[in-house]
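The primary structure of each chain is shown beneath.
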Amino acid sequence: MSRAASLPVIYSAQSVIGMSDFSEELKGPVTDDEQVETSVLSGAGMHFPWLQTYIETVAIGGKRKKDFAQTTSACLSFIQEALLKHQWQQAAEYMHSYFQTLEDSDSYKRQAAPEIIWKLGSEILFYHPKSNVETFNTFADRMKNIGIMNYLKISLQHALYLLHHGMLEDAKRKLSEAETWRHGEKTSSREILINLIQAYKGLLQYYTWSKKKRELSKLDKDDYAYSAVAQDVFNHSWKTSVNISALIKIPGVWDPFVKSYVEMLEFYGDRDGAQEVLTNYAYDEKFPSNPNAHIYLYNFLKRQKAPRSKLISVLKILYQIVPSHKLMLEFHTLLRKSEKEEHHKLGLEVLFGVLDFAGCTKNITAWKYLAKYVKKTLMGNHLVWVQEEWKSRKNWWPSFHFSYFWAKSDWKEDTALACEKAFVAGLLLGKESSWRSKNRPQTIMADSFFLAWMAICMYSLGTGDRLEIPLACLEMLRTSKLDGGWAPVPLE
Amino acid sequence: MDFPSSLRPTLFMTGPLGLNDVSDLSMCSWQNVLTQPEAQPQNLKNGALHVTKDLLWEPATPGPLPMLPPLVDSWEPGLTAQDLLFRGGYRYRRRPRVVLDVTEQISRFLWDHGDIAFAPIGKLMLENFKLEGAGRCTKKTTVVSVKKLLQDLGGHQPWGCPWASLSNRQRRFSILGGPILGTSVASHLAELLHEELVLRWEQLLLDEACTGGALAWVPGRTPQIGQLVYPAGGALDRLHFQEVVLAPGDNPQFLGKPGHIQLQGPVRQVVTGTVQGETLLAVRSDYHCAVWKFGKQWQPALLQAIQVDKGATGISLSPHLPGELAICSRSGAVCLWSPENGLQQVYKDPETLVFRDSSSWRWADFTAHPRVLTLGDRTGVKMIDTQGPPGCGLLLFRVGAEASCQKGERVLLTQYLRHSSPECLPPTLHLVCTQFSLYLVDERLPLVPMLKWNHGLPSPILLAQLLPPPRPGCVQPLLLGGQAGHLQLLHLAGEGVSAPRLAGPPQSLPSRTDSLPAFPLLEPKIQWRLQERLKAPTIGLAAVVPPLPSASTPGLVVFQLSVAGDVFYQQLRPQADSSPRRDAQPPGDTRPDCRAPTASWTPQDTAGCSQWLKALLKVPLAPPVWTAPTFNHHHLLGSMELQREEGVVQQPGVLREAMAQGRLLLQRDLGSLPLADPPPAPESGPADELSERLREAWAGRGAAWWERRRQARTSGPRRQPRRPKRRTQLSSTFSFSGHVDPSDGTSPPHSPEGPPAGALPRSPITSPSQELTPDAWSQGIPSERRQTLHDYMAKLPLQRDTPGHAGTPPSSQASSTRATHSRQHTPILSGSQHPRKKPRMGF
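For chain B, an unreviewed UniProt entry supplies the name TATA box-binding protein-associated factor RNA polymerase I subunit C isoform 3 and the organism Callithrix jacchus.

Looking at an unreviewed UniProt entry, chain A carries the name TATA-box binding protein associated factor, RNA polymerase I subunit A, with the source organism given as Callithrix jacchus.

Caption draft 1: How the structure looks around the overall build of chain B. Counting its secondary structure elements, chain B contains 18 helices and 33 strands. Burial analysis of chain B (843 residues in total) assigns 56% to the buried set. When contacts within chain B are restricted to residue pairs at least 6 apart in sequence, long-range pairs at least 24 apart make up 62% of them. By element, 56% of the accessible surface of chain B is carried by carbon and sulfur atoms, the whole surface being about 36300 Å².

Caption draft 2: Expanded view of the overall build of chain A. Regarding its fold elements, chain A presents 25 helices and one strand. A burial count over chain A gives 53% of its 492 residues as buried. Contacts in chain A between residues far apart in sequence, at least 24 positions, make up 61% of those at least 6 positions apart. Surface accessibility of chain A: about 22800 Å² in total, with carbon and sulfur atoms responsible for 54%.

Caption draft 3: A look at the UniProt feature "domain: TAF1C beta-propeller" (unreviewed entry) in chain B. Under the present numbering, the feature "domain: TAF1C beta-propeller" (unreviewed entry) in UniProt falls on residues 282-418 of chain B. The distance from the first to the last C-alpha atom of residues 282-418 of chain B is 16 Å, and the span holds 0% helix and 51% strand.

Caption draft 4: Looking closely at the confidence of the model for chain A. Residues and elements named next belong to chain A. When pLDDT is averaged across chain A, the result is 76; 75% of the residues are at 70 or more. Mean pLDDT per element in chain A: helix 1 (residues 20-23) is the minimum at 33, and helix 14 (residues 291-303) is the maximum at 94. Across residues 433-446, where pLDDT falls below 50, the model places 17 contacts with residues more than four positions away in sequence or in other chains. Per-residue pLDDT stays below 50 along residues 462-492; that stretch engages in 56 contacts with residues further than four places along the chain or on separate chains.

Caption draft 5: Up close: the pairing of strand 21 (residues 394-398) of chain B. Residue and element names in this part refer to chain B. Counted residue by residue, strand 21 has four buried out of five residues, so it is predominantly covered. Note that strand 20 (residues 380-385) and strand 21 share four bridges and pair antiparallel. Looking at the pairing, M383 lines up with L394 of strand 21.

Caption draft 6: Region of interest: the environment of B:P4. Positionally, B:P4 belongs in the segment before strand 1 (10-11). Residue class for B:P4 comes out buried when judged on its relative accessible area of 2%. As for B:P4 and B:S498, which are separated by 494 residues in sequence, their C-alpha atoms are 4.9 Å apart. Each residue touching B:P4, except ones within four places of it in the same chain, is listed here: A:N292, B:R444, B:M450, B:V497, B:S498, B:A499 and B:P500.

Caption draft 7: The nonpolar core, seen in detail. Of all hydrophobic cores here, the largest spans 162 residues; its most connected members are A:W254, A:F257, A:W397 and B:F397. For this core, the leading source of residues is helix 10 (residues 188-218) of chain A, giving twelve residues. Contact partners of A:F257, with chain neighbours within four places excluded, come to A:L196, A:A199, A:Y200, A:L203, A:I244, A:L247, A:I248 and B:P9.

Caption draft 8: Geometry of the sheet that holds strand 22 (residues 411-416) of chain B. Residues and elements named next belong to chain B. With antiparallel pairing, four strands are arranged side by side in an open sheet as 22-23-24-25. The open sheet has two edge strands, strand 22 and strand 25 (451-454), and neither has a second partner. Taking each pair of neighbouring strands and ignoring which way they run, the sheet shows an average axis angle of 15°. The pairing of strand 24 (residues 437-442) with strand 25 spans four bridges and is antiparallel. Bridged to Y439 within strand 25 is K452.

Caption draft 9: Looking closely at a nonpolar patch on the surface. Residue and element names in this part refer to chain A. Among the surface-exposed residues, F234, F267 and Y268 lie close enough to one another that they form a single nonpolar patch of about 280 Å² accessible area. Within the element layout of this structure, Y268 appears in the loop between helix 12 (255-267) and helix 13 (271-283). Owing to a relative accessible area of 31%, Y268 belongs among the partly exposed residues under this scheme.

Caption draft 10: Inspection of the packing of aromatic side chains at higher detail. One pass over the full model with this rule turns up 36 aromatic pairs over all chains. Considering the side-chain rings of B:W361 and B:W363, the 6.0 Å spacing of their centres and the 20° angle between planes classify their relative orientation as stacked. One aromatic cluster in this structure is built from A:W88, A:W118, A:F126, A:Y127, A:F136, A:F139 and A:Y161. We note A:R336 situated over the ring of A:Y369; from NZ or CZ to the ring centre the distance is 5.3 Å.

Caption draft 11: Broad picture of unusual backbone geometry. Backbone geometry places A:H86, a non-glycine residue, at a positive phi of 65°. Mapped onto the fold, A:H86 is located in the loop between helix 4 (67-84) and helix 5 (88-98). Positive phi, normally seen in glycine, also occurs at B:L236, with a value near 60°.

Caption draft 12: Structural detail: the confidence of the model for chain B. All names here are of chain B. Chain-level statistics for chain B give a pLDDT mean of 73 and a share of 64% at 70 or above. In the predicted structure, residues 39-51 sits below a pLDDT of 50 and forms 25 contacts with residues beyond four places in sequence or in another chain. For this predicted complex, the interface score ipTM comes out at 0.83, alongside a pTM of 0.75.

Caption draft 13: View of the sheet that holds strand 20 of chain B. Residue and element names in this part refer to chain B. If you walk across this open sheet you meet the four strands as 18-19-20-21, and the pairing is antiparallel. Of all the strands in the sheet, just strand 18 (363-366) and strand 21 have a single pairing partner and so form its edges. Direction aside, the axes of adjacent strands within the sheet are offset by 25° on average.

Caption draft 14: Just the pattern of salt bridges, in detail. The full count for this structure, using the stated rule, is 30 salt bridges over all chains. A salt bridge links B:D365 to B:R418; the nearest nitrogen and oxygen atoms lie 2.3 Å apart. Placement of B:D365 in strand 18 and of B:R418 in the loop between strand 22 and strand 23 (429-434) is noted, with a sequence separation of 53 residues between them. A relative accessible area of 22% means that B:R418 is categorised as partly exposed. A network of salt bridges, in which partner residues are shared, links A:D141, A:K144 and A:K174.

Caption draft 15: Region of the structure containing the side chain of B:Q507. Its place among the elements puts B:Q507 in strand 30 (residues 507-509). Of note is the side chain of B:Q507, whose polar atom sits 2.5 Å from the backbone oxygen of B:W57. When neighbours within four sequence positions are excluded, B:Q507 is seen to be in contact with A:L84, A:H86, B:L55, B:L56, B:W57, B:L487, B:Q488 and B:L489.

Caption draft 16: Inspection of the state of the cysteines at higher detail. For the structure shown, the criterion picks out zero disulfides over all chains. The structure places no disulfide on A:C360, whose sulfur is separated from the nearest cysteine sulfur, that of B:C424, by 18 Å. Considering cysteine sulfurs only, B:C289 is the nearest to B:C210, which forms no disulfide, with 13 Å between them. Its relative accessible area of 7% is what places B:C210 among the buried residues.

Caption draft 17: The packing of helix 6 (residues 107-127) of chain A against helix 7 (residues 133-146) of chain A, seen in detail. Residues and elements named next belong to chain A. Two elements in contact, helix 6 and helix 7, have axes whose closest approach is 10 Å; the angle formed by their N-to-C orientations is 175°. Taken together, helix 6 and helix 7 sit at an angle that is classed as roughly antiparallel. Side by side, helix 6 and helix 7 meet where P114, I117, W118, G121, S122, L125 and F126 of the first sit next to T135, F136, F139, A140, M143 and I146 of the second. Of the residues contributing to the contact of helix 6 with helix 7, the split by class is ten nonpolar, three polar and no charged.

Caption draft 18: Up close: helix 4 of chain A. Along its 18 residues, helix 4 of chain A runs 26 Å from first to last C-alpha, staying within 8% of the 26 Å computed at 1.5 Å per residue. For helix 4 of chain A, the complete set of buried residues consists of A:A69, A:T72, A:C75, A:L76, A:I79, A:A82, A:L83 and A:L84. Buried-residue contacts for helix 4 of chain A involve helix 5 and helix 6 of chain A together with strand 28 (487-493) and strand 30 of chain B. Once helix 4 of chain A ends, the next one or two residues include A:H86, with phi positive near 65°.

Rules and cut-offs
- Residues numbered from 1 in each chain as written.
- Chains lettered and ligands numbered in written order.
- Predicted model: local features only at pLDDT ≥ 70, side-chain atom pairs only at ≥ 80, totals over all residues.
- Heavy atoms only, no water.
- Helix = DSSP H or I, 4+ residues; strand = E, 2+ residues; numbered from the N terminus.
- Buried < 20%, exposed > 50% of the residue type's maximum accessible area, 1.4 Å probe, protein only.
- Contact = heavy atoms within 4.5 Å.
- Areas by Shrake-Rupley, 256 points an atom, 1.4 Å probe, with all protein chains shown as cover.
- UniProt positions renumbered as here; feature names shortened; annotations may be inferred.
- pLDDT = per-residue confidence, 0-100.
- Pairing = 2+ DSSP bridges.
- Core = buried A, V, L, I, M, F, W, Y, C linked by side-chain atoms within 4.5 Å.
- Axes fitted to C-alpha atoms, helices over the stretch in contact; angles between N-to-C directions.
- Patch = residues over 30% accessible without salt bridge, like charges linked within 9 Å, V, L, I, M, F, W, Y side chains within 5 Å.
- Salt bridge = Lys/Arg side-chain N within 4 Å of Asp/Glu carboxyl O.
- Phe/Tyr/Trp six-rings, centres within 6.5 Å; stacked < 30°, edge-to-face > 60°.
- Lys NZ or Arg CZ within 6 Å of the ring centre and 35° of its normal.
- Polar contact = N/O pair within 3.5 Å; in protein donor to acceptor, adjacent residues only side chain to side chain.
- Disulfide = S-S within 2.5 Å.
- Parallel < 35°, antiparallel > 145°, perpendicular 65-115°, else oblique.
- Nonpolar A, V, L, I, M, F, W, Y, C, P; charged D, E, K, R; others polar.
- Expected span 1.5 Å × (residues − 1).

This is the structure:
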């Protein structure tokens, strides 16, 4: 784990609305004694947005706020309040007055104003019952040119709004406009934004393409329209690949883009290209460990009928990231079918791993697999594997899975699940010595089965009126058969 | 478990915080509502439709209502910024400068408690003073005559008058005493005071003690009945169990008196949870944690209590295994705790996770894996495997560029969203709140927040609760609570393979101050008191979704606990789809959206409020926590002299020793205290004429009062009853050396110049024990106007009036009382030649 160096964060006494307040801090380290003192007082670098209100209760000097600033900030808080109360109409009325902030003599505030206006204004227009797409368009177009620094961001968000309202063509047009926009010097951040805009454009092209593709699949090859549509499909693909490929090289989460890009590449038979994109997306160190990257790669390889070892290696990494994923059961099946012994061992580990998670406790398939596989492992004389897995779980699985409460409720809700669990409980909680007699495999299983049966007995009777039998079973399990740490189960 | 099939596009940057220029692509909160573009266009069309545009909970009343407790506890608002910060300063600075006002605090301390500050030094310097009674004249230059010195000092203004002329004697004294008085007081007291002030100021900025909240709901036998568990009783050290019946569509009913458990420290956090049918209650105090189990009769039974030496900062109950808890302490240790197996330390690191931060706040919670815990501090959240090798783990959240954090951003609260119902949200989500934003992080994809939303709460967000969906298939409400009482409600959706998102715009709920109109019209002072009470910080939040009778609309009851120990509740109903929708509206309809709050106060509500207010007003205002012990140096002078003559003074030696060792002189070193008056207790008595008259007039009985008054006057010349000697409380805490002649009823002129009004500490700890003497003003004023003047002077903020004795005695009585009082102690100086001089400090 890398530790970032302690930042020379300078404390600011102003409340934060946008980014403007920080600009003063960005000037560099300040050696003024006041800064040092206050940073000590305010907990070394932590920013308190509510500090301003405290300061306002005390006259402690500093420039007095001008009337203009006072009214603007009051107006801003009215808008925010109205938004939080869903009073869109009122918020819109206040917004009219808030536009005065664009004339602020304070240059920081003036620069931050367009962004704040866009944030609040778009929110009002998004929810206002009487706003429509045209209003939003007008507003967005105006705001783009007022806050020239935010042109790209606003364009992108405008396009997303249109996309949300199902207006693909308009959205595409907005994105094309933004793509060609040039102003001032090129910065890396702007470049990323342009890449993102292009990628969204690519995604929209993909939508059209996939619509065309569906049309194509409906058409007969001999149809006169076929070749025209096919040509169209081809053209789109080319444009899209140019648009998307630049973005997905930048570290990030680009699921929708990667997915559509790969689909198109696959359609045109560029399997190597698709695999390269996916491999890069999954294994590049600079990218976050996105489970979807591995899932996409696995699904792709599966479609390509890749060899089992390759599939296993992909899922092995997914297993490390998300042991609870539903693909893990598929992984287990693959491992079970594999010839290697270490894979068999891993198969057991994977099943135990899935059932460790709170969201998977009722997964009957996993329990079924586990019941079968533990039995198989024991039969195959790999008692150690089971012991190894059980070692770290024996102090909490009994109360997590095999408690009296679950026995009762599972039996009520899902008898099949209860039976599977009972079987596993019988195997795992049974006397370890009974597993060990290697020369008589039949007896082992009989013993385990006996325990499992008893457990089922307990399950089934736990819900009934007669409690003596489960009590007796429990007592037996506790005293004679079990030393694996059956949790003290409360009995009513 | 399903993982979202396609996540929202996010740029991933690593690095320190403050690089949010590019990566913060989601500028607008409405974007969080959009379903992110799917790879399949047809899905997108559906997605556009199923966004809930207006999900609004409508409060049943305009503000929360108070729960009527059997006893309302007294509460005083603590220190404010006004008490701590330096006022004034450079006018033309761009920014106001925040400086702690140590100078004023220390001067107040010296002024109010000069005996404590100076007595030991005075004793140390005893040989340099010639006290009363020592008749022979000393020629030694290092010996000062106290009597003369006091006479010289008498003319000084209390806050130091730069124009006062110094006598040689004083100069000699200041040369003599200056170094000792200056350094010792400054080095010992100022250091401690500064430390304390820094602590108080930090606490004022962020009081993290009650993170997580001290109010919890325990479900009962039937879904309608439950218990509220919360601390009460002034110091918050009595744990109350109040039974509540939730009637659908009606206000909750509070059954009987709450049961209680008395604890030995203030309760900071209360957590309840039901795992496998077993309901547990965990309580965190500053240095103790305890866990109770609810038995069959829903009676709590203590399982275990432990002591945390370094101070516990967080406790949480396992949602997976019954009877398992996670606690963390200021030392950076995280322990897994179960009453059966005891404590198991799973992690320890005094350093913060991501970068260095001075805060020792830690937080521990559970994850979807019963053996993996999260550890949070101000800089990030880490997942630690309790079974893995110590020290290892994976960062789940990092205050940095990954989550596009702002400069100065810190984690305030982190919570495992344990009650997520599988059809709504996956059980792997964690909530992380900072001063600016709220993040939802999935433990399967660390570092990249699934959702970021700028909450904009103007107070630290220390309380959060995820509620079950009120209707099956509905979205899950998430309740957020700021310390200053702000409440926000968001809705989270993210079922199956879709990524978690906000469903609809967030909403603010009424805070306690919104209930002010429900109270009857009050006198300004009481109104102010009520307002202060309603403004008390929120330290607990619990929300319950009452059980649904068939085909009824779901409801929500929000309970909140204030630091004063008051529980308020509010009922919420989801607003039916009555909102005027764009498509549903007839064209040309220009009616503004009818979102005026429909809720109003019912007579029952206002009756409840008045009843609560009545109970509140019955509570006497807390007497000053600490009153200065009276120090009377005239008294002392004599005894000292006596002691010296007997040669039994060893204190200077003790003090010298203490100073050589650099430690504080403790009381036990000095032996018994000098004779002191018992601390004055507030005297109760009938209120004065003016407030009585005002009160009557307010109630509309002014004329009757006047009539009564006149009759009383005519019936007897004797004024009835004798005025309470409220002044004696203040004056007795002080020593007067100047003699006041009782016969003329006036006292020497005294400068009224005090600290500016409103600049005075309002804390009971620093209650002013000096007073402005109205008598100073009354010289040369016609006697008939003196009463008015007195009343006016009494209203000056220097005095902390209590409703019981809010008035001022008439001048003649007051001064005579005081005069007699001081005469008791000041027989020596009574013949002073300078009646105007009143030294105020005893050194």
